[in-house]
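Structural overview
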Amino acid sequence: MNIILRIYHKFRKLILYGIIGGFCASLDFGIYTLLCYVLPYLIANIISVHCGIICSFYLNRQYNFKVTDKTFYRFRIFYLVGLSGLLVSEVLIYIFVNMMGINHLISKIITVFVSALLQFLLNKYITFKKLK
């Protein structure tokens, strides 16, 4: 039990980021799935990712990184990081669907994991670092 607590404390932010990310990714995926009924999948992805970015910023700021100063400044950085994830997501979905013939929903699931790892690293070391 002691080892589990040490591991948790060492990786707490990553674990919580994963939980929050899972929730926001589910929101993103749900919105994406619904929008795909009325919009092309790449446009649906853009809209759903923006919803995920906003959700993720709020929850990570409040509960994970617990950094509430300079909210607008941090949101701009977080948003830019989110846009990097969106770019990765759009390119990968396009490649998976149009070049590899993978279903767009499966492609979306794969890209969520890839862009989440990239965004975690960027947010941890840029967006939510302690400012002096």
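Note that the structure is predicted; figures quoted are calculated from it, not measured. (Residues numbered from 1 in each chain as written. Predicted model: local features only at pLDDT ≥ 70, side-chain atom pairs only at ≥ 80, totals over all residues. Heavy atoms only, no water.)

**Notes on the packing of helix H2 (residues 12-35) against helix H3 (residues 41-64)**
Test applied: Angles here are taken between N-to-C directions and fall from 0 to 180 degrees, while the axes themselves are lines fitted to C-alpha atoms, restricted in helices to the stretch in contact. Counting from the N terminus, the helices are DSSP H or I runs at least four residues long and the strands are E runs at least two residues long. Should an angle fall under 35 degrees it is called roughly parallel, over 145 degrees roughly antiparallel, and 65 to 115 degrees roughly perpendicular, with every other angle called oblique. Left-handed is the label given to a crossing in which the near helix is rotated counterclockwise from the far helix by less than a right angle, and right-handed is the label when the rotation is clockwise. Each residue is assigned to one class: nonpolar for Ala, Val, Leu, Ile, Met, Phe, Trp, Tyr, Cys and Pro, charged for Asp, Glu, Lys and Arg, and polar for all the others, Gly among them.
In the contact formed by H2 and H3, the axes pass within 8 Å of each other and the chain directions differ by 150°. Here H3 runs roughly antiparallel to H2, going by the angle between their axes. Crossing geometry of H2 relative to H3 is assigned as right-handed. Its residues assigned to classes, the contact of H2 with H3 comprises 17 nonpolar, 6 polar and 3 charged.

**Digging into a nonpolar patch on the surface**
Inclusion rule: Patch membership is restricted to residues that have no salt bridge and whose relative accessible area is over 30%. Joining uses 9 Å for like charges and 5 Å for the nonpolar side chains Val, Leu, Ile, Met, Phe, Trp and Tyr. We get accessible surface area from the Shrake-Rupley algorithm with a probe of 1.4 Å; when it comes to residues, only the shown protein chains can shield them. By definition, a salt bridge exists where a carboxyl oxygen of Asp or Glu is found within 4 Å of a side-chain nitrogen of Lys or Arg. Between buried and exposed lies partly exposed: a residue is buried under 20% and exposed over 50% of the maximum accessible area for its type, with that area taken using a 1.4 Å probe on protein chains only.
The grouping of Ile-3, Ile-4, Ile-7, Tyr-8, Phe-11, Leu-14, Ile-15 and Ile-19 at the surface amounts to a nonpolar patch, some 740 Å² of accessible area in total. Breaking the nonpolar patch down by element, the ones donating at least two residues are helix H1 (2-10) and H2. A per-element tally of the nonpolar patch places H1 first, with 4 residues. The exposure class assigned to Leu-14 is partly exposed, which follows from its relative accessible area of 40%.

**Observations concerning the pattern of salt bridges**
Considering all chains together, one arrives at 2 salt bridges under this definition. The residue Asp-28 makes a salt bridge to Lys-108 at a minimum N-O spacing of 2.9 Å. With Asp-28 in helix H2 and Lys-108 in helix H5 (residues 104-127), this residue pair connects regions lying 80 residues apart in the sequence. This pair shows no difference in class: Asp-28 is buried, exactly as Lys-108 is. Linking Asp-69 and Arg-74 is a salt bridge whose minimum nitrogen-to-oxygen distance equals 3.0 Å. We classify Asp-69 as partly exposed; its relative accessible area is 35%. Owing to a relative accessible area of 1%, Arg-74 belongs among the buried residues under this scheme.

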